[in-house]
Structure formats: structure tokens, C-alpha cells
Amino acid sequence: MTGKTAKTIFWLGTLSSAIIFLWLTYDFHQQEPKFAKTDQINDQVVAGKKVWHKYNCNDCHTILGFGGYYAPDMTKAYYRLGENNIISIVMNPELVYKDSFRKMPHLGVTKEEAVNLVVFLKWVGTIENRHWPPQDEKFVKAFRLREANAQKLDKTDIIMGACGGCHSLETLGRKIAGDFNDIAKRISYDKDTLVKYIHDPQSVKPGTAMPPQNVSPETAAIISDFILSLKAGKEVQK
Amino acid sequence: MIRYESQKVARYYLGLALILFCLQVAMGLWLAINYAFTLPQGLVDVFSFATARAIHTNTLVAWMLLGFMGGSYFILPIECKRELFSVKIAYLQLLIFAGTAVTAVIGFLFGWTQGKPLLEIPVPLDFLIVVAALLFVANVAMTIILAKERSIIQWMLLAGVTFLAVLYLFGMPFFKDLNVDYYYWWWVIHLWVEGAWELFTAAIAAFIIIEVTGVERKVVEKWLYVETGLFLFTGLVGTGHHYYWIGSPDYWLWWGGIFSALEPLPVALMVLDTWMHIRERKNPIVNPLLWTYIMGLALFHFLGAGVFGFIHTLPPVNYYTHGSQITVSHGHLAFFGAYALLNLVVFYFAMPQLKGIEKFDDRLGVWGFWTMVTAMIFIGLIFGVAGVLQTYLERILDLGYRTAQMNMMFWFRAVLFFGAIFLSGVLMTVYHLFTLKKAAD
Ligand code: HEM
Ligand SMILES: [Fe+2]
């Protein structure tokens, strides 16, 4: 091979690839809004993204599969956990992961920041990325199913969607703060007290480790009925 | 024994690079401890994994860039047959760069961050880095322009550092759209390690091979053209292997898959040409350790980037391995094999000359080399095993992240063990380089 041939190989290789790459980049920008639903990026999504950066979440958690591998991927976290659970975890990781072998730091995320984060993660979840990560597809499917049949929502779905980040119900949810079957047996609250407890645990049981929950009064009422019915169910069985 | 007075600036660059190398690896060991044991919440709250990871990766990039810059300043006068354009600029640039790096690390400890993996340095500090980079590129360019003789290596070096500096800009803006954010994040990360840095590596390796083996320049430069041409041909469109699982058109699976699958080709050529040139050497082997490093660079570059990159680059494989410890395995083997070893080649080439030693006592350095290389192979393999396990548990058996991690614990502890051995190899090497002595004969 002569020096000239070598030089030609260099320029041909470099320029052809650069042209293809720049063209594909142009096309990416043309098509990307459709895949990433950019019309849904509002101020709250942007505010949530800034929170994501501010606390450097990405050096522990991957998102779209990029970043640190120390903690679960956040691409489809919204479907996996739901709004209230994300807020609880992000604001009180020291409680949620009290017994976990790996800790998430208490970062001092405020309520407003946590809400924006959820909106950001919800938008991220809608990016059409060819169904990655594979292990979260089941959560996405289940979420879509529930969304499509909102009126027929199972009570278990509601309660686990709101409280499953810390509590369990038989095989569902996380076993961090007790199973609702056991809790139902233990507590002596009436419905109103329980609703009050959900919104402001300290006012009912001072010193409790449970943080206030971010659920609407209607949802709190449904959840309370459900928990209290567990109690009745157990007594009848006996 | 240096041929030009201005080569001396390299000494401070290399010294600082070696210190940051130690800090980087020590921080890596701390990350492994985070994986292998449960740390108290109070500690995690003040010094988290995220902060430690930012320090680990930024000191990595910083010491490598310092090595590249110092290496360029050492090599340019020889290649251009004249003094550097300006020694003052070289010192000023070092001051800005080092000052920024130190400020950044301290800032991380207090939570001052841009919050993007690998590019955590906040924007105001980014501007200082850009200033330092501009000074560097200008200094290199002027030295080359004022040279009496032109060479391919000169302008390949200039192209590499200019490309490198330009790409850094794409990591600086705030993007509202995470999808676009990561599109351009890879312009920095991928186009650096599989583009600009490869150009630079190929040019430096070519220069050192000519110097050390005495092989005819024309032959080496021909290889250089072909290799860099192939690097850029495969590497530019090959960026697509990072766009499989973002919101992007389906054609990226094809473009990214095919072009990146060809990326090992130029790396394989580098093994071939290094081996041939060493075999056809015209010069006697004065310092065997330097030759060991040169051959080690070629082989480990191929192992880490070529083999371990290829393994997970095709979309059907990457769907399962993406975002797992498999990536970590490749990242470590590739960075060490290509860029840590390249820097060490430069250090072992330059340091003896800076100290006026022709043949140095290499006993400790040999220990350092083999300790690092052996430990890193284990580290890469163990992360690989952990990654396969993770993929299987999480994505085939569907066990959930936390259960999978608990079942990988043995491997995290094994990495910690080999990480400690690796650190000891680093300390031996760094100590050896700092205290280089004449060989007793
Ligand atoms: C010396 C050159 C190289 C270095 C230093 C390097 C380094 C890295 C690093 C650090 C990452 C992880 C980035 C992150 O997500 O944080 C990565 C990812 C990747 N590299 Fe390389 N690499 C090199 C060459 C190659 C080559 C030649 C190939 C292909 C043949 C390759 C294929 C990949 C793939 C497919 C990924 C994405 C993994 C994933 O997240 O799914 N790399 N590389
Ligand atoms: Fe890449």
C-alpha cells in the first residue's frame, strides 16, 4: 500500500461516516419529538429534571440505562411505584430502607421538589424506547390496564399503589412497615382517625416513624374502609 | 537527556497525573466497599456513593487528560524539532486546569454538581476547563505551525486534541428533554473514547514506536492513516450503539449495530502493527519494561475495547446487558487497557529522559505492571460474572433489583479484594516512576 492510498482511506472513512452521522442526527431531531412526547414537557417536568440533577440521583440510579448501577433504574419507576410511593421514598429513604442492606441518603428533598420529580419521572416513563428495561414491562402493562379500567380499579390496586412502598398485603408490596392484615388486627382506630392518621400520623400517634402520606381524602377514605374490613374479615373467620 | 528545554514542563503534568491516579483508584476501592457492605445511614447521608462516584470518574478523566497534555508537550518539541511555542502558556494552563480540578472535587463534597454522570463538573467550572483547553490547543497549534518540518503525527495529534476540546462543549448546556440530553451526552463520552482519544492514542503510539524501535517512519505513518481512518469510520456512526434504548428511530439498531461491530478492527490492526514493528526493530532494547508496556497496551486495548466492547454491542444482546454490571466490566477493562496503559507508556518513555537516565532500574516497575494487569483482568472478569448473574436474575428470572443485588454480593466482595491488589500495583508503579533510578550495571 502506498502512502497515498492510506491517506485516501483516512479521508474516505472519516468523511463518509461523518456525513452519515450528521444526517442521522438531523433526522433524530426531526423524529425525536414523537418518541419523547416533547409536547408534554411542561415547566413542572423541567423543574423535576432540575431536581434530578441537583441531588445527583443519576450517579446511583440509572435512567434510560445510563448512570450509576448502585440502585434501581428510574426509566419506568413511575409505573413500578406510583406517585405516593415515590414521594415517600425520596423524602424519607432512611425510614423506607431502614432494614435494607443498601441505603439511599436522606437528601433533604422538599415536598414541592418531590412532586416535580414525580411529574418528571412520569414523563420519562412515556418515552418510547423499545420497551427497555425488560424487567419493568410488566409494571407498565399493569399500569395501562388499570388506567384503561379506572372505574373498575381493584381496592388492592389502590392501596398497594399508594402504600406498597412500605407496607405489604400478603405477597404484594414491600415488607418494611408491616402487613396490613397484621396492622388491621392491631389498631383500634375508627375510620376518621385512620384517615387522619394517613394524612398526619404524628397527630394520632406521636413519635411514629411513618411519614405523612400524599393521597387525596377520597383515596384515604377508600383505603381506610379497606383496612378496617380486613379486621372484620379476620374476626369473622375466627 | 531531554533534547529541548521546554520539554521540562511535562514533568509537572505527569507528576500531578500520577497523584490523581492514586486518588482515583483509592476512591474506586471505597465504591467497592459501598457495594460489598452495609454502611450506616449517617455516613451515607454526608458522603454518598454518588459523590464518591463523581470523584472516581472525574479524577480518572482529569489524570488522563493531564497525561495527554503533558505527553503532548514532551513529544511535540522532538516531533517538531523546535521548542514549544510558549512555556508560559503551558504553565498557566496547568495552573487553571489543576485549580479547577481541585475546586471541582471539593465542590462535589458539598453537593455542587451539574448532576450528569461523568460530566458532574458545574458549568462555571466548565468554562475554566474550556479556557485551559483553548490555551492548550493554541499552544500545540502554534508549535506545529512554526515547525520547519511537517509530519502526519503532528497534525493527527492536533486533530485529536481539537476534536476532543470541541466535543466537551456538548456536555455543557442544560437540555429540557432528557432524551436529547443523553443523545449529546454520548457525543462527549463515546466520541471521546471511541473517536478523539483513539486518534490521540494512535498518534502517540506511532511516535513512541518510531522513537523506541527505530522502524522507518513512512511505514508507521501509513499504518497510522489506515487505523485512524477506520477508527473514525466505525466510531462516528458507531455512536448509535448507545441510542438503542432511548426515544429514537428504529434504524439506529442497524446503523449502530453494524458500525460498532466493526470497531474492534482498527484495534486489532494496532496489535498487528505494534507486534510487527517490535519484531523488526532497528534499535536495541534498553529498557525492557517500556517495551512490555507498549505490547501490553496493544493487547489490553484489544481485550477491553475490542473483545469486551464487541460482546455487548449488538442490539439483541444489549437489550439484556444494558445498564448492568456488564457495562462496568467493559468500562474498566477498556479504560485501563487503552488509556491508563497509554499514559503509562508515555510516562515510562518521558520520565527517564526528564531525569537524565538512560537505562533505569525497573524491578519495582515490573512488579507494578504485572500486579495491575493481573488484578484488572480479574476485576473485569468478576464484574462480568456479576453482570451475567444480574441479567439472569433480574431479567430472566424476574426477581427484582434488590434480590438480584443480594445474590451478587460474593462477587462484589471479590472485586473489593482484587481492587485492593490493583491499588497496591498502582502505588508500586507511581512510587517507581517518582523515584526512578539508574540501573546498576
Ligand atoms: C478504549 C475504548 C473504549 C472505552 C474507554 C470505553 C468505555 C466505555 C464506558 C466507560 C462505557 C459506559 C458508559 C456509561 O454508561 O456510563 C461504555 C459503554 C459501552 N461501550 Fe465502550 N469503550 C471503549 C470502546 C468500545 C468499543 C470498541 C465498543 C464496541 C465494539 C464499545 C461498546 C460499548 C457499548 C455497547 C457500551 C454501552 C453499554 C450499555 O450501557 O449498554 N466500547 N464504554
Ligand atoms: Fe461507545
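Residues numbered from 1 in each chain as written. Chains lettered and ligands numbered in written order. Predicted model: local features only at pLDDT ≥ 70, side-chain atom pairs only at ≥ 80, totals over all residues. Heavy atoms only, no water.

Chemist: I'd like a description of the overall build of chain B, backed by residues and values.
Modeler: Looking only at helices and strands, chain B has 16 helices and 0 strands in total. Taken over C-alpha atoms, the radius of gyration comes to 21 Å for chain B, in line with the 22 Å a tight globule of 441 residues would show. Oriented by its inertia axes, the alpha-carbon framework of chain B measures out at about 65 × 50 × 45 Å. For chain B, with 441 residues in total, the buried portion stands at 64%. Of all intrachain contacts in chain B linking residues separated by at least 6 positions in sequence, the fraction that spans at least 24 positions is 83%. (Helix = DSSP H or I, 4+ residues; strand = E, 2+ residues; numbered from the N terminus. Rg over C-alpha atoms; globule rule 2.2 N^0.38 Å. Buried < 20%, exposed > 50% of the residue type's maximum accessible area, 1.4 Å probe, protein only. Contact = heavy atoms within 4.5 Å.)

Chemist: Run through the overall build of chain A, naming residues and quoting values.
Modeler: Looking only at helices and strands, chain A has 12 helices and 4 strands in total. Counting every position in chain A, which comprises 238 residues, the buried fraction comes to 51%. Considering only intrachain contacts with a sequence separation of at least 6, the fraction spanning at least 24 residues in chain A is 55%. Surface summary for chain A: the accessible area is close to 11,500 Å², and the carbon and sulfur share equals 59%. Chain A carries 31 positive and 26 negative side-chain charges, and their two centres are separated by 5 Å. (Areas by Shrake-Rupley, 256 points an atom, 1.4 Å probe, with all protein chains shown as cover. Lys, Arg positive; Asp, Glu negative; His and termini not counted. Charge placed at Lys NZ, Arg CZ, Asp CG, Glu CD.)

Chemist: Please give an account of the coordination of the iron atom of ligand 1 that cites residues and values.
Modeler: Protein coordination of the iron atom of ligand 1 is limited to a single donor, His330 of chain B (NE2), which sits 2.0 Å from the metal. Secondary-structure assignment places His330 of chain B in helix α13 (residues 325-354). (Donors = N, O, S within 2.8 Å, 3.2 Å for Na, K, Ca; no water.)

Chemist: Explain the nonpolar core to me, and be specific about the residues and the numbers.
Modeler: Counting residues in each nonpolar core, the largest one holds 208 residues, and the members touching the most others are Phe120 of chain A together with Trp197 of chain B. No other element matches helix α7 (residues 178-213) of chain B, which puts 27 residues into this core. For Phe120 of chain A, the residues in contact, after removing those within four places along its chain, are Val45, Gly48, Lys49, Trp52 and Ile63 of chain A together with Leu178 of chain B. Listed in part, the 19 residues of the second largest apolar core include Ile159, Met160, Ile183 and Ala220 of chain A. (Core = buried A, V, L, I, M, F, W, Y, C linked by side-chain atoms within 4.5 Å.)

Chemist: Could you give an account of the domain arrangement of chain A, with specific residues and numbers?
Modeler: Interfaces are often sized by the accessible area lost when the parts come together. Residue and element names in this part refer to chain A. According to the domain assignment, chain A consists of domain 1 (39-130) and domain 2 (136-231). For domain 1 and domain 2, the distance between their C-alpha centres works out to 21 Å. Each partner contributes to the interface: domain 1 provides 17 residues, whereas domain 2 provides 20 residues. Here domain 1 and domain 2 share an interface that buries about 1,600 Å² over both sides, 52% of which is from carbon and sulfur atoms. Where domain 1 packs against domain 2, one counts 2 salt bridges. We note a salt bridge from Arg80 to Asp136, for which the minimum N-O separation is 2.7 Å. Counting every contact that joins domain 1 to domain 2 gives 10 residue pairs in polar contact (both at pLDDT 80 or more). When contributions to the side of domain 1 that touches domain 2 are tallied by element, the ones reaching two or more residues are α3 (77-81), α4 (83-91) and α5 (93-96). (Domains from an automatic or database assignment. Buried area = accessible area lost by both parts, 1.4 Å probe. Salt bridge = Lys/Arg side-chain N within 4 Å of Asp/Glu carboxyl O. Polar contact = N/O pair within 3.5 Å; in protein donor to acceptor, adjacent residues only side chain to side chain.)

Chemist: Give me the coordination of the iron ion (ligand 2): which residues, what numbers.
Modeler: All names here are of chain B. The iron ion (ligand 2) binds to the protein through His190 (ND1), Glu194 (OE), His241 (NE2) and His242 (NE2), with metal-donor distances spanning 2.2 to 2.3 Å. Taken together, the 4 donor atoms surrounding the iron ion (ligand 2) define angles of 80 to 150° at the centre, an arrangement classified as irregular. On the primary sequence, the residues serving as donors to the iron ion (ligand 2) are separated as H-x3-E-x46-H-H. Between the iron ion (ligand 2) and the iron atom of ligand 1, a separation of 4.2 Å is found. Of this pair, His190 sits in helix α7 while His242 sits in the loop between α8 (217-238) and α9 (251-261), and the two are 52 residues apart along the sequence. (Tetrahedral: all angles 85-135°; square planar, octahedral: opposite > 155°, others 65-115°.)

Chemist: Now, about the packing of α8 of chain B against helix α10 (residues 264-279) of chain B: what can you tell me, with residues and values included?
Modeler: Two packed helices can be described by the angle between their axes and the distance between those axes. Residues and elements named next belong to chain B. Taken N-terminus to C-terminus, the directions of α8 and α10 make an angle of 165°; their axes are 9 Å apart at the nearest point. Here α10 runs roughly antiparallel to α8, going by the angle between their axes. Here α8 and α10 pass one another in a crossing that is left-handed. The residues of α10 that touch α8, namely those facing Val219, Val220, Trp223, Val226, Glu227, Leu230, Phe231 and Thr234, are Leu265, Pro266, Val267, Leu269, Met270, Leu272, Asp273, Met276 and His277. Of the residues assigned to the contact of α8 with α10, the class counts are 13 nonpolar, 2 polar and 2 charged. (Axes fitted to C-alpha atoms, helices over the stretch in contact; angles between N-to-C directions. Parallel < 35°, antiparallel > 145°, perpendicular 65-115°, else oblique. Left-handed = near helix turned anticlockwise from the far one by under 90°. Nonpolar A, V, L, I, M, F, W, Y, C, P; charged D, E, K, R; others polar.)

Chemist: An account of empty space enclosed by the protein is requested, with residue identities and associated values reported.
Modeler: Residue and element names in this part refer to chain B. A complete count under the given rule lists 4 cavities of 30 Å³ or more for this structure. Approximately 150 Å³ is the volume found for the largest cavity. In terms of lining residues, the largest cavity is bounded by 18 residues, among which Ala205, Ala206, Ile209, Met270 and Thr274 are the most central. Listing elements by their share of the lining of the largest cavity, those giving two or more residues are α7, α8, α10, α11 (288-311) and α13. (1 Å grid on protein atoms, 1.4 Å probe; cavity = no way out; pocket = protein on both sides within 12 Å on 5 of 7 lines; lining within 4 Å. Points joined across faces, edges and corners; volume = space filled by probe spheres on them.)

Chemist: Just give me the short version of the site of ligand 1, but keep the residues and values in it.
Modeler: Near ligand 1, the surroundings consist of 26 residues, among which His241, Glu263, Asn318, His322 and His330 of chain B are the closest. Near ligand 1, the surrounding residues belong to chains A and B. The side chain of His322 of chain B places a nitrogen or oxygen atom 2.6 Å from an oxygen atom of ligand 1. Elements that contribute at least two residues to the shell around ligand 1 include exactly α7, α11 and α13 of chain B. In terms of residue count, α13 of chain B provides more of the shell around ligand 1 than any other element does, 7 residues in total. Of the residues belonging to the shell around ligand 1, the class tally is 11 nonpolar, 12 polar and 3 charged. (Near = heavy atom within 4 Å.)

Chemist: I'd like a rundown of the packing of aromatic side chains, residues and numbers included.
Modeler: Enumeration over the complete set of coordinates arrives at 64 aromatic pairs over all chains. Each ring, one from Tyr78 of chain A and one from Tyr79 of chain A, has its centre 6.1 Å from the other, and the planes form 75°; the classification is edge-to-face. In this pair, the class of Tyr78 of chain A matches that of Tyr79 of chain A, namely buried. Where Phe170 of chain B meets Tyr184 of chain B, the ring centres are 5.7 Å apart and the plane angle is 15°; that geometry is what we call stacked. With Phe170 of chain B in the loop between α6 (152-168) and α7 and Tyr184 of chain B in helix α7, the pair connects residues that are 14 residues apart, well separated along the chain. An aromatic cluster is defined as three or more aromatic residues linked by ring pairs; in this entry it consists of Phe21 and Phe28 of chain A together with Phe170, Phe175, Tyr183, Tyr184, Trp187, Tyr243, Tyr251 and Trp252 of chain B. The ring of Phe174 of chain B has Lys49 of chain A sitting right over it, with the charged end atom 4.5 Å from the ring centre. (Phe/Tyr/Trp six-rings, centres within 6.5 Å; stacked < 30°, edge-to-face > 60°. Lys NZ or Arg CZ within 6 Å of the ring centre and 35° of its normal.)

Chemist: A description of the side chain of Gln135 of chain A should follow, citing residues and the corresponding values.
Modeler: For Gln135 of chain A, the position within the fold is in the loop between α6 (111-126) and α7 (137-148). Polar side-chain contacts of Gln135 of chain A include one of 3.0 Å to the side chain of Glu394 of chain B. Apart from residues lying up to four places away in sequence, Gln135 of chain A is in contact with Glu394, Arg395 and Asp398 of chain B.

Chemist: Before we move on, can you summarise the environment of His322 of chain B with the specific residues and values?
Modeler: Checked against the element boundaries, His322 of chain B lands in the loop between α12 (315-321) and α13. Through-space distance from the C-alpha of His322 of chain B to that of Lys176 of chain B is 24 Å; in sequence the pair is 146 residues apart. Among the polar contacts made by the side chain of His322 of chain B, one reaches the main-chain carbonyl oxygen of Leu64 of chain A at a distance of 2.9 Å.

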